[in-house]
Amino acid sequence: MAAHKPVEWVQAVVNRFDEQLPIKAGQQNTHTKVSTEHNKECLINISKYKFSLVISGLTNILKNVNNMRIFGETAEKNLYLSQLIILDTLEKCLAGQPKDTMRLDETMLVKQLLPEICHFIHTYREGNQHAAELRNSASGVLFSLSCNNFNAVFSRISTRLQELTVCSEDNADVHDIELLQYISVDCSKLKRLLQETVFKFKALKKVAQLAVINSLEKAFWNWVENYPDEFTKLYQTPQTDMADCAEKLFDLVDGFAESTKRKAAVWPLQIILLVLCPEIIQDIAKDVVEETKMNKKLFLDNLRKALAGHSGSRQLTESAAIACVKLCKASTYINWEDNSVIFLLVQSMVVDLKNLLFNPSKPFSRGNQNADIDLMIDCLVSCFRINPHNNQHFKICLAQNSPSTFHYVLVNSLHRIITNSALDWWPKIDAVYCHSMELRSMFSETLHKAIQGCGAHPAIRMTPSLTFKEKMTSLKFKEKPTDLETRSYKFLLLSLVKLIHADPKLLLCNPRKQGPETQGSTAELITGLVQLVPQSSMPDIAQEAMEALLVLHQLDSIDLWNPDAPIETFWEISSQMLFYICKKLTSHQMLSSTEILKWLREILICRNKFLLKNKQSDRSSCHFLFLYDVSGGGTSQMSLDHEEMKSCTPGATLRRGKGNSSIESTAGCSGTPICRKAQTKLEVALYMFLWSPDIEAVLVAMSCFRHLCEEADIRCGVDEVSVHNFLPNYNTFMEFASVSNMMSTGRAALQKRVMALLRRIEHPTAGNTEAWEDTHAKWEQATKLILNYPKTKMEDGQVTESLHKTIVKRRMSHVSGGGSIDLSDTDSLQEWINMTGFLCALGGVCLQHRSNAGLATYSPPMGPVNERKGSMISMVSTEGNAETPVSKFIDRLLTLMVCNHEKVGLQIRTNIKDLVGLELSPALYPMLFNKLKNTISKFFDSQGQVLLTETNTQFVEQTIAIMKNLLDNHTEGSSEHLGQASIETMMLNLVRYVRVLGNLVHAIQIKTKLCQLVEVMMERRDDLSFCQEMKFRNKMVEYLTDWVMGTSNQATDEDVKCLTRDLDQASMEAVVSLLAGLPLQPEEGDGVELMEAKSQLFLKYFTLFMNLLNDCSEVEDESAQTGGRKRGMSRRLASLRHCTVLAMSNLLNANVDSGLMHSIGLGYHKDLQTRATFMEVLTKILQQGTEFDTLAETVLADRFERLVELVTMMGDQGELPIAMALANVVPCSQWDELARVLVTLFDSRHLLYQLLWNMFSKEVELADSMQTLFRGNSLASKIMTFCFKVYGATYLQKLLEPLLRTVITSSEWQHVSFEVDPTRLEPTESLEENQRSLLQMTEKFFHAIINSSSEFPPQLRSVCHCLYQATCHSLLNKATVKEKKENKKSVVSQRFPQNSIGAVGSAMFLRFINPAIVSPYEAGILDKKPPPRIERGLKLMSKILQSIANHVLFTKEEHMRPFNDFVKSNFDAARRFFLDIASDCPASDTVNHSLSFISDGNVLALHRLLWNNQEKIGQYLSSNRDHKAVGRRPFDKMATLLAYLGPPEHKPVADTHWSSLNLTSSKFEEFMTRHQVHEKEEFKALKTLNIFYQAGTSKAGNPVFYYIARRSG
């Protein structure tokens, strides 16, 4: 369109610009501002090519806007903003006006645009707050217009001058003359103006003459300031024509100045005209002056007299001051070398001028303060440029007792000196750097008074200046300034902040000051500026303060904060600022918080630039760096060094004056580095902006995360550590940053993306935890306001601000401010929804922060209650942690699921359902499941009867929807957490409740949704946790099949029939998923044989399904006859029939053994349809790969074999999920039996080492110290003892029997006593003799033991090696990260006094050798008990041997201390022996597996243990870390096998019966073990025939074997 129809296209752009003006589009927000700016830029660019079209269009818009009638303050403001936008656009378009503009265009501009511009200049009203800005903007347009169209503007002025020569005095309109003040004037144009004025001046009326005098002076300054080079050249090369015009006008004006009043009016112009005549100035400076120039000399003399106060007229004195200031100002544009006379003229007046203008005791005043201030500023700037080293007037203005006007003048003068330095010879501001300290003090005092005058005490009191401490007496709160004073302080403060912005070095400079003082003064300055940022009563100052702080964070400025230690100072001061701003942001104490966040983003960029620049410099920056310890998943933060941490304590270098409490005091730090707290608070602020209803605020916050990551990148590069040590959630933060670059489709889509990223936050930190808790507090408050609406509103008696109105002001929520809420405003509710989603998505991390509070966990019972910690099986329910914020939040969500608020109840319920179901953090699933389960369980009374209420039904319906959303939504990480809490009870209760709802339409719909939920649940079966899955699924099938055909035949209404058929369909789809691989499991305790009960149950379901198929066929026949609407029903029935066939297939597939007999007959049924159905079912089960092996005679043995395989199954990481789960849930009374069963089974599979490794590792992990290892009565201890008994019996017999027999029977030992306790000594015995005897016997036994390593059984070597390795591994894991880095081997020795090999020796003697020595008869080594004296000696000897093994000396028993030397001398020998037997592990195939023969007793015992504890095993696996490693499959297989096997036989025998099957006391097992029968070929051949099986025992306790004769053939 732009190419083919340019006029129409330009007009379209102009129209769009017009429509988006505030006066038409309404109050501007960020997005409309951006759009307006875009339109403006577009028009400016187009104007370079289609100038006339654009200017014409803009002129018409301006006309229309000016003619609009408006009412109200808001409309007036929008009008003013619209006018400003149009004028600004016009100015920029005119500034770029093409040179080839046609004459016609020029005429058009003057005719159309000029009147509109003059309208703004001429209608200036002093009272209108916007008039001054509009006039300035209009003058800018006129200036740009006159640059290229001077002739047209000049023509208008000339015409007006001509009119004013003939009009009457009363009708004189001088408005057009005033245009001279605003037009662009160069040297030639100024000459034309002067010539025109000279030509017409005399004929003008008096009012016109005065207007011309005033306007010409302004035109002169337009020329000088815009074309200073031309003015300078005037003095280098005098222009006669210019001087002639100026001299003529001087004479004319001089003649006009007849009275004092007229003289006062013309003197400022006369001095200008004189300046335009450099040769005349030279001439009148001589002693002899020509007559024609005497009036000029006289003028200068009068000027001096008036300036000195000798004129007798105040008016003339004031005019002389103005004229002299003009002279000084003009002289600064002249190079001294070009004309020194003018500078002599200035010097002759400047002293009197300064005395007049800068006299503190008699301030200069003409009644117009603004004009006086401008004059004084011009004077001060000019004096500085003339002589920068004569700064006496600076000191006067800086003095504390000088009027505040002087301070204001000084600050603005300095600002002009900095910002306006067009000429090379003008001095720079560095000449004033010596006054930095006084300027800082002025800033501090002004800041304090301004904030104090606003009615609020400053949040942060300023640090007193070192040189102005006496000032603090004037800053007491009781001396609150008046409103007028406060206003002047605000103006001064704004100027001071602008001054800092213009040149930060001016206030940062600290000549000859030490580092700490420099840092203190910088901190004071930045502290003051930071205080201004949140000042809502001073928005202009706040904005300027942000700009100043941004400049202070530039690279060059930061280096000046403290040149002696720039990096440390940067970290401390910048972090204090960051902390304070973010604290204000999070507490919502800021207006325009989105703008502040944008500014904060720029600050972060500056910080990173500084860090990048200094990353290779001195590593003192590390004083402020901190790391997150993420190795343990906790939130603790570690500083690099304790002393370093102390060095960066907030305020360490700033606490000088009494009462000082600058920014860091607000941090509430207690030894924590402020930089860490700043980063935390920054994280909090960014997180909390993510739920803002303002899209821009969200996007800016997301983009800020990039700069956090950049900082972490820089810092990790310096310290050579992982970036995740600085920023644990680095990856997710980078994703936030990348999303911020993409324009979202809308607010909802953006929030959805935000919540998805929040769920990916993995590591809990102080930042995300605090953000969650702060948001939760605000959410709770908002929730109360919403639920009380409109009650609260009515109680207040007036409509208070809505959330949205506050958002417009603050861009963030302000429920924290109290008051009421207006739900008619959608943004109010939207913010609450955003907060809800935020809390849902981020809640999982906060749950981690609280050590997984509320999750179902099992503490493994590895020992008795009184000996072990956490030894009882304990289900930690959510009620135990009900007070945690996350738990409270979930509770609140559950109550809101059934919110019945009159106005927003439906919205709240819908959003809660969607947010919990789709956005909840997966880590919160277990807590949610438990709370839902607990809530729904209250819908039943103590007898189990349903408490049917509307609210309960609503809650059930919401729960079904949430659970379906949650299971349907495969959120990242959901698989890991879904199985941490069982949903069986909740699902069963849901079905139980829904069953009684009846058959109304709503009830049928709920049932259908529940069936769909069951289907989804089974799809996620692998991720979910089932404690008794088979039992649960059987129960669900029982319930859901009741709904099939329950009402479909009874309904009369066609719509209800469709709904019931939908229910049939949904029920059958759920049943299909439930029956897949499901062995039928009848209720226990029916007194019916298991297979018979299964058979009856199969028949029940199979019959139901057949009836349903028949029903489908009948209805299909009817549908075929009626047609029409019934076709939809027919399609439904076809799908239902398909589901039913699938259900029958799944049922038969999983229960061939009990179901084939009932179903096979259908293949021969007389009905063709029935036979076809059976063939379809049979085909499907064959396709599914049904195992018909279950019909074989060996099915039971095969299932037991698979059960053993399952228990001994090993994961990829060596874990034993089922075995360890069993070990953790079996009661301690059955540990002996379990130890025997596990050792027997695992050894038979050549996996004993893996069992021992898992058991020993767990034991060591729970041990407090090496001394407590294997001392308790734990399962690991029992397994070890059992291994020692089974595998070490022969070794002990061979080792100890000869030694014991020698001691008992040898003549030399016949009368020897071994008693060494003096209190038990016989009178005839000698203590020393007994000690020698005991030592001799001990030495003999000890050496025999340590020399028997070659005979040590290989199986026991495996046990010792496993114990050794497990101890090393577990203790290493317990060591700290720092210890690990230092030395792997030194870890154990540092943690415990004894190294890990000691655990082997200690356990071996404690559990194996010493029990046999002390009780040789009980151990089967001797045929009868030794004599008492020998028993006593053996007992004492075992103590000595145990001390050697434990590597400890006797300390408590005095009578044993004499043996310490012997004990100590044998430490090394014992250690060598232990290392010998534990260092190497024999290969599995070289070890004789004595127990490879498994008795049926052990298998049956395993079956019983698994059956009785399967629910606990499921819970343990769900909550234990093993679940993540191996998944649910092992448990599922176990549950399926147990379902097929059914419950173990219930024999009326006590548990002790099973203990009688202890293999170690069974003669048969002993015989098999000792003679290694299992290794012989005959035994192996016999075993493969399967002609024997063992079951039970004889009366004598021997195992009974049964012989199957038919197999032997």
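Residues numbered from 1 in each chain as written. Predicted model: local features only at pLDDT ≥ 70, side-chain atom pairs only at ≥ 80, totals over all residues. Heavy atoms only, no water.

1. Looking at the overall build of the protein chain
Here's step 1: The secondary structure content of the protein chain amounts to 72 helices and four strands.
Here's step 2: Burial analysis of the protein chain (1609 residues in total) assigns 55% to the buried set.
Here's step 3: For the protein chain, restricting intrachain contacts to residue pairs at least 6 apart in sequence, the fraction spanning at least 24 positions comes to 77%.
Here's step 4: For the protein chain, the computed accessible surface area is about 69500 Å², with 50% contributed by carbon and sulfur atoms. (Helix = DSSP H or I, 4+ residues; strand = E, 2+ residues; numbered from the N terminus. Buried < 20%, exposed > 50% of the residue type's maximum accessible area, 1.4 Å probe, protein only. Contact = heavy atoms within 4.5 Å. Areas by Shrake-Rupley, 256 points an atom, 1.4 Å probe, with all protein chains shown as cover.)

2. Points about helix H55 (residues 1231–1244)
Here's step 1: Counted at 1.5 Å a residue, the expected span for H55 with its 14 residues is 20 Å, and the 20 Å between its end C-alpha atoms agrees.
Here's step 2: Counted residue by residue, H55 has 13 buried out of 14 residues, so it is predominantly covered.
Here's step 3: Looking at the residues trailing H55, positive phi occurs at His1246, about 60°. (Expected span 1.5 Å × (residues − 1).)

3. Digging into the side chain of Arg1033
Here's step 1: Among the secondary structure elements, Arg1033 is positioned in helix H47 (residues 1029–1041).
Here's step 2: On the accessibility criterion, Arg1033 (0% relative accessible area) is buried.
Here's step 3: Those residues in contact with Arg1033 that sit more than four places away from it in its chain are Met1018, Arg1021, Ser1073, Leu1074, Leu1075, Ala1076, Gly1077 and Leu1078.

4. Topic: the confidence of the model for the protein chain
Caution is warranted with low-pLDDT regions, since their predicted coordinates should not be read in detail.
Here's step 1: Per-residue pLDDT for the protein chain averages 75, and the proportion of residues at 70 or more is 74%.
Here's step 2: Low pLDDT (under 50) marks residues 792–819, which in the prediction has 73 contacts with non-local residues, meaning those over four places away or in another chain.
Here's step 3: Taken together, the stretch residues 1485–1493 has pLDDT below 50 and engages in 35 contacts with residues farther than four places along the chain or on a different chain. (pLDDT = per-residue confidence, 0-100.)

5. Some words on the nonpolar core
Here's step 1: Phe231, Trp599 and Met1017 are the most contacted members of the largest nonpolar core, which totals 350 residues.
Here's step 2: The element best represented in this core is helix H32 (residues 695–719), accounting for 13 residues.
Here's step 3: For Trp599, the residues in contact, after removing those within four places along its chain, are Val533, Met546, Glu547, Leu549, Leu550, Met577 and Ile581.
Here's step 4: Listed in part, the 102 residues of the second largest apolar core include Leu1275, Val1286, Val1312 and Ala1470. (Core = buried A, V, L, I, M, F, W, Y, C linked by side-chain atoms within 4.5 Å.)

6. Considering the packing of helix H35 (residues 747–759) against helix H41 (residues 905–919)
Angle between the axes and distance between the axes are the two parameters that describe a pair of packed helices.
Here's step 1: Their axes nearest at 11 Å, the elements H35 and H41 cross at an angle of 40°. Considered as vectors, H35 and H41 are oriented oblique to each other. Between H35 and H41, the residues in contact are Lys752, Met755 and Arg759 and Leu915, Leu918 and Glu919, respectively.
Here's step 2: Of the residues contributing to the contact of H35 with H41, the split by class is three nonpolar, no polar and three charged. (Axes fitted to C-alpha atoms, helices over the stretch in contact; angles between N-to-C directions. Parallel < 35°, antiparallel > 145°, perpendicular 65-115°, else oblique. Nonpolar A, V, L, I, M, F, W, Y, C, P; charged D, E, K, R; others polar.)

7. Topic: the pattern of salt bridges
Here's step 1: As enumerated under the stated definition, the model contains 42 salt bridges in all.
Here's step 2: For Lys681, the salt bridge is made with Glu770, and the minimal N-O distance between the two is 2.5 Å. In this pair, Lys681 is assigned in helix H31 (residues 674–689) and Glu770 in helix H36 (residues 766–788), connecting sequence segments 89 residues apart.
Here's step 3: Linking Lys1009 and Glu957 is a salt bridge whose minimum nitrogen-to-oxygen distance equals 3.3 Å. Of this pair, Lys1009 sits in helix H46 (residues 1001–1019) while Glu957 sits in helix H43 (residues 950–968); the two residues are 52 residues apart in sequence, bridging distant segments of the chain. (Salt bridge = Lys/Arg side-chain N within 4 Å of Asp/Glu carboxyl O.)

8. What to know about the packing of aromatic side chains
Here's step 1: A full pass over the atoms with the stated rule returns 29 aromatic pairs.
Here's step 2: With centroids separated by 4.5 Å and ring planes inclined at 40°, the aromatic side chains of Phe705 and Phe733 adopt a geometry described as tilted. In this pair, Phe705 is assigned in helix H32 and Phe733 in helix H34 (residues 730–740), connecting sequence segments 28 residues apart. Pair check on accessibility: Phe705 and Phe733 agree, each one buried. (Phe/Tyr/Trp six-rings, centres within 6.5 Å; stacked < 30°, edge-to-face > 60°.)

9. Remarks on unusual backbone geometry
Here's step 1: Phi is positive for His1447, close to 65°, though the residue is something other than glycine.
Here's step 2: You can call His1447 partly exposed: its relative accessible area is 39%.

10. Some points on the packing of helix H12 (residues 240–256) against helix H15 (residues 294–308)
Here's step 1: Where H12 meets H15, the closest approach of the two axes is 11 Å, and the angle between their N-to-C directions is 60°. Two packed elements cross with a definite hand, and for H12 against H15 that hand is left-handed. Residue-level contacts link Glu247, Phe250, Asp251 and Asp254 of H12 to Asn295, Lys296 and Phe299 of H15.
Here's step 2: For the contact of H12 with H15, the class distribution of residues is two nonpolar, one polar and four charged. (Left-handed = near helix turned anticlockwise from the far one by under 90°.)

11. Regarding the environment of Leu494
Here's step 1: Relative to the assigned elements, Leu494 resides in helix H22 (residues 483–502).
Here's step 2: Note on Leu494: relative accessible area 17%, which makes it buried.
Here's step 3: Setting aside its immediate chain neighbours within four residues, Leu494 contacts Asp540, Ile541 and Glu544.

12. Let's talk about the side chain of Asn39
Here's step 1: Along the chain, Asn39 turns up in helix H3 (residues 30–47).
Here's step 2: Of the polar contacts made by the side chain of Asn39, one reaches the side chain of Arg16; its length is 3.0 Å.
Here's step 3: Beyond its immediate sequence surroundings of up to four residues, Asn39 is in contact with Arg16, Phe17 and Gln20. (Polar contact = N/O pair within 3.5 Å; in protein donor to acceptor, adjacent residues only side chain to side chain.)

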